[in-house]
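# Remarks on the overall topology
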Amino acid sequence: MPKITINCKEVEVPENYTVLDAINSIGAYVPTLCYMKLEDIGIENKPASCRVCMVEVEGRRNLAPACATPVFDGMVVKTHSRRAIQARRTAVQLLLSDHPQDCLKCPKNGDCELQSLAHELNIVSNPFMGKMSTHRIDESAAIIRDPNKCIMCRRCETVCNEFQTVGVLSAVNRGFDAVVKPTFDWNLENTACTFCGQCVAVCPTGALVEKSYIDQVWDVIEDPTKHVVVQTAPAVRVALGEEFGYEPGTISTGKLVSALKVLGFDKVFDTNFSADLTIMEEASEFKERLENGGYMPMLTSCCPGWVKFLEHQFPDLLEMPSSAKSPQQMFGAIAKTYYAQKAGIDPKDIVVVSVMPCLAKKYEANREEMRDSGYKDVDYVITTRELADMIRESGINFQNLPEGEYDNPLGESTGAADIFGRTGGVAEAALRTAYEWITGEELKDVDFEALRGYEGVRIAEVDIKGQKIRIGVAHGLGNVRKLLEDIREGKVEVHLIEVMACPGGCVGGGGQPYHHGDFNIIKKRMEAINKIDKSKPIRKSHENPSIKKLYDEFLEKPLSEKSHKLLHTRYFE
Ligand code: HC0
Ligand code: SF4
């Protein structure tokens, strides 16, 4: 193994290491910008374009980019020579010379890596200011794309092409005009973009951000003629705390609920309630397909990024997904029918707001067919980050909030609903119910460990009364593509497949607090989800008393005519 010296410290490192790997391995530091490594999901972005990680290598005339320079035996590296610092400053000043100088009103203010770097490098003036780019800004859909803020790090391109295999974004032009865009500079809404938001999650600047609905939500909260109900997705409660100084993996359900009440929502309900409802419909459909020789395998359909991917990329497989809507959309349809009736409120006066870890949920709520209540089922979707902004903007001291409780009748949920927020959870929740319905026996151990973990594709076999049921779980659209292709070619045989577009499932959604390339944060959120599930007295969706009541009082039974009308959907080529 080569021995190298970094800042006078000798270290032995594996031969395939870069200087940056070696620097990181001894806990030393050099700033990076374009570089990004998400080891757990096999992604490395290394264009060496930003020139921020330049280091001094003894004996070499030129400085070297640490991220793209291999180590060699006897190498002597200095990370912070005067020359290296100056080169870094120049690189950042050049980037800033063609970057809108609007940090104070940029949505990324406070989370922008370029801004932090300018601060870290003590940049207080810029001798390079001159001509500025004037690209068109795309605000057509859930993601706002401002190419004027693009620094050509190409992280978005790598994630979209290599991890998601959607391939919407690519670098075009050269020199001053170089920028990352969709083909023909189309608006994202006219492309195969799934709105998974993973490009937003890794963009270091404000070039890719979510379309905010904060103002619209404030307007309806303030409107005395509106009854505004809010639903919170399973993954929000294990990530929101990060925005207020809590460790990743902190469970802040109670504070989340209290914050929403202080903000002025009339009722604080839970998407987890409708996740249990989704299981009732999905498990019924699975049982029916299994027993009556229906289309197999059945795919879960609650991730809208995944649904859009399927519609664009596998139009021949549109019969595969369950027809059950996602919990977000089931919630909206039930809020504007069952809840409206029960509360004696005209559904036209009810506004449904969702807090989601996801950008595709914004797109899903706007789909034309999502109006089965007779109104737009879900009016506005804000992300975990947008909710944190609202809480900050209201001067709420999050840490001092009491532990609030969800309102009823759409607030009660089981542990099965909690695990929706992480990869493998929807399949596990469905199995907990399907097992009991198919066998007529009690399922004693509800933890299907074989479905858990981080691998991109997992396949497990479960024995249900002598019948071997094979379950596939995939997260990340590239992994899904591979699994579907294998199924199409007959290489893999499964009965049920759970798909989530984002790494780790919704906990790693594009609307969550920025992880800045640290996948451990996503893992901690997953562990927190499992902890909540374990702590619940009821862990099977079909045992949720509020769900039983909903069927008794309104829907009759899973797959009833009413359930079909309100809770099921179709997919389009
Ligand atoms: Fe998810 Fe969902 S679990 S997609 O990941 O199914 O966004 O958290 O809300 O709808 O419940 C996201 C998270 C949800 C939905 C639920 C599902
Ligand atoms: Fe690609 Fe997802 Fe970004 Fe769309 S939202 S451009 S699919 S990474």
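Residues numbered from 1 in each chain as written. Chains lettered and ligands numbered in written order. Predicted model: local features only at pLDDT ≥ 70, side-chain atom pairs only at ≥ 80, totals over all residues. Heavy atoms only, no water.

### A short note on the overall build of the protein
On a plain count of helices and strands, the protein comes out with 18 helices and 19 strands. Here the C-alpha radius of gyration of the protein, 25 Å, is about what a compact globule of 573 residues would show, namely 25 Å. The proportion of buried residues among the 573 residues of the protein is 62%. Sequence-distant contacts, at least 24 apart, represent 74% of the contacts inside the protein between residues at least 6 apart. Accessible surface for the protein amounts to roughly 22800 Å². Of this, 48% is attributable to carbon and sulfur atoms. Side chains of the protein give 68 positive and 82 negative charges; the mean places of these two sets differ by 4 Å. (Helix = DSSP H or I, 4+ residues; strand = E, 2+ residues; numbered from the N terminus. Rg over C-alpha atoms; globule rule 2.2 N^0.38 Å. Buried < 20%, exposed > 50% of the residue type's maximum accessible area, 1.4 Å probe, protein only. Contact = heavy atoms within 4.5 Å. Areas by Shrake-Rupley, 256 points an atom, 1.4 Å probe, with all protein chains shown as cover. Lys, Arg positive; Asp, Glu negative; His and termini not counted. Charge placed at Lys NZ, Arg CZ, Asp CG, Glu CD.)

### A look at the site of ligand 1
Taken together, the neighbourhood of ligand 1 is formed by 16 residues, with Ala235, Cys302, Gln328, Lys361 and Cys506 sitting nearest. Measuring from an oxygen atom of ligand 1, one finds a backbone N or O atom of glutamine 328 at 2.8 Å. One of the side-chain nitrogen or oxygen atoms of lysine 361 is found 2.6 Å away from an oxygen atom of ligand 1. Secondary-structure elements contributing two or more residues to the shell around ligand 1 are α8 (271-291) and α10 (327-343). Its residues assigned to classes, the shell around ligand 1 shows twelve nonpolar, three polar and one charged. (Near = heavy atom within 4 Å. Polar contact = N/O pair within 3.5 Å; in protein donor to acceptor, adjacent residues only side chain to side chain. Nonpolar A, V, L, I, M, F, W, Y, C, P; charged D, E, K, R; others polar.)

### Describing the packing of aromatic side chains
Evaluated as defined, the whole model comprises nine aromatic pairs. Residues tyrosine 338 and phenylalanine 554 carry aromatic rings whose centres are separated by 5.5 Å and whose planes lie at 45° to one another, so their mutual orientation is tilted. In this pair, tyrosine 338 sits in helix α10 while phenylalanine 554 sits in helix α17 (residues 545-555), placing the two residues 216 residues apart along the sequence. For tyrosine 338, a relative accessible area of 4% gives the class buried. An aromatic cluster of at least three residues, connected via ring pairs, comprises Phe244, Tyr246 and Phe398. When the ring centre of tyrosine 363 is taken as reference, the NZ or CZ atom of lysine 308 above it lies at 5.6 Å. Note that lysine 523 overlies the ring of tyrosine 454, its terminal NZ or CZ placed 4.8 Å from the centroid. (Phe/Tyr/Trp six-rings, centres within 6.5 Å; stacked < 30°, edge-to-face > 60°. Lys NZ or Arg CZ within 6 Å of the ring centre and 35° of its normal.)

### What about the pattern of salt bridges?
On inspection of all chains with the given rule, the structure shows 47 salt bridges. Put simply, glutamate 403 and lysine 255 hold a salt bridge, and the shortest N to O gap is 3.6 Å. Residue glutamate 403 is found in the loop between α12 (384-393) and α13 (415-418), and its partner lysine 255 is found in helix α7 (residues 253-263); the two are separated by 148 residues along the sequence. Two residues, arginine 392 and aspartate 389, come together in a salt bridge whose shortest N-O distance is 2.9 Å. (Salt bridge = Lys/Arg side-chain N within 4 Å of Asp/Glu carboxyl O.)

### Quick word on the pairing of strand β19 (residues 496-500)
Across the five residues of β19, five count as buried, placing the element largely inside the fold. For strand β14 (residues 298-299) and β19, the ladder comprises two bridges, and the chain directions are parallel. In the strand pairing of β19, methionine 298 is matched with leucine 496. Inspection of the sheet shows strand β18 (residues 467-475) paired to β19 by five bridges, in the parallel sense. Across the sheet, the residue bridging to glycine 472 is isoleucine 497, located in β19. Read from β18 through helix α15 (residues 477-488) to β19, the crossover connection turns out right-handed. (Pairing = 2+ DSSP bridges. Right-handed = clockwise from strand over helix to strand, strands pointing away.)

### Re the site of ligand 2
Residues in contact with ligand 2, as listed here, are Ile143, Cys160, Val166, Leu169, Cys193, Thr194, Phe195, Cys196, Gly197 and Cys199. Residues belonging to the shell around ligand 2 are distributed by class as follows: eight nonpolar, two polar and no charged.

### A word on the packing of helix α9 (residues 304-313) against α15
α15 packs onto α9 with a crossing angle of 50° between their chain directions and a minimal axis gap of 11 Å. What the angle tells us is that α9 and α15 run oblique. α9 and α15 meet at a crossing whose hand is right-handed. Residue-level contacts link Trp306, Phe309, Leu310 and Gln313 of α9 to Leu477, Val480, Arg481 and Leu484 of α15. Tallied by class, the residues present in the contact of α9 with α15 amount to six nonpolar, one polar and one charged. (Axes fitted to C-alpha atoms, helices over the stretch in contact; angles between N-to-C directions. Parallel < 35°, antiparallel > 145°, perpendicular 65-115°, else oblique. Left-handed = near helix turned anticlockwise from the far one by under 90°.)

### Brief notes about the sheet that holds strand β15 (residues 350-356)
Backbone-to-backbone hydrogen bonds pair the strands of a sheet. The strands run either parallel or antiparallel. Across the sheet, four strands lie side by side as β13-β12-β15-β16; this open sheet has parallel pairing. What marks the edges here is a single partner per strand, and that holds for β13 (267-270) and β16 (380-383). Along the sheet, successive strands turn relative to each other by an average axial angle of 25°, direction set aside. Strand contacts of α12: β15 and β16, with the helix running at about 85° to β16, the strand carrying the most contacts.

### Some points on the sheet that holds β14
Taken together, the four strands give an open sheet; going across it, the order is β14-β19-β18-β17, and neighbouring strands pair in mixed fashion. In the strand order of this sheet, the two ends are held by β14 and β17 (457-464), each with one partner. Sheet strands touched by α15: β14, β17, β18 and β19. Its angle to β18, the strand with the most contacts, is close to 145°.

### Structural notes on the pairing of β15
Most of β15 is tucked away, with seven of its seven residues classed as buried. Residue alternation in β15 divides its side chains into two sets, Ile350, Val352, Ser354 and Met356 and Val351, Val353 and Val355, and both sets are buried. Note: strand β12 (residues 227-232) against β15, six bridges, orientation parallel. Bridge assignment links valine 228 to a residue of β15, and that residue is valine 351.

### Focus on a negative patch on the surface
A cluster of acidic residues, Asp215, Asp219, Glu222 and Glu393, forms a negative patch on the protein surface. Among the elements that make up the negative patch, the one with the highest residue count is helix α6 (residues 214-222) (three residues). (Patch = residues over 30% accessible without salt bridge, like charges linked within 9 Å, V, L, I, M, F, W, Y side chains within 5 Å.)

### Some words on helix α2 (residues 82-97)
Between its terminal C-alpha atoms α2 stretches 22 Å, which fits the 22 Å expected from 16 residues at 1.5 Å a residue. Those residues of α2 that fall on the buried side of the exposure criterion are Ala84, Arg88, Arg89, Ala91, Val92, Gln93, Leu95, Leu96 and Ser97. Structurally, α2 contributes buried residues whose contacts are with β5 (54-57) and α3 (113-120). (Expected span 1.5 Å × (residues − 1).)

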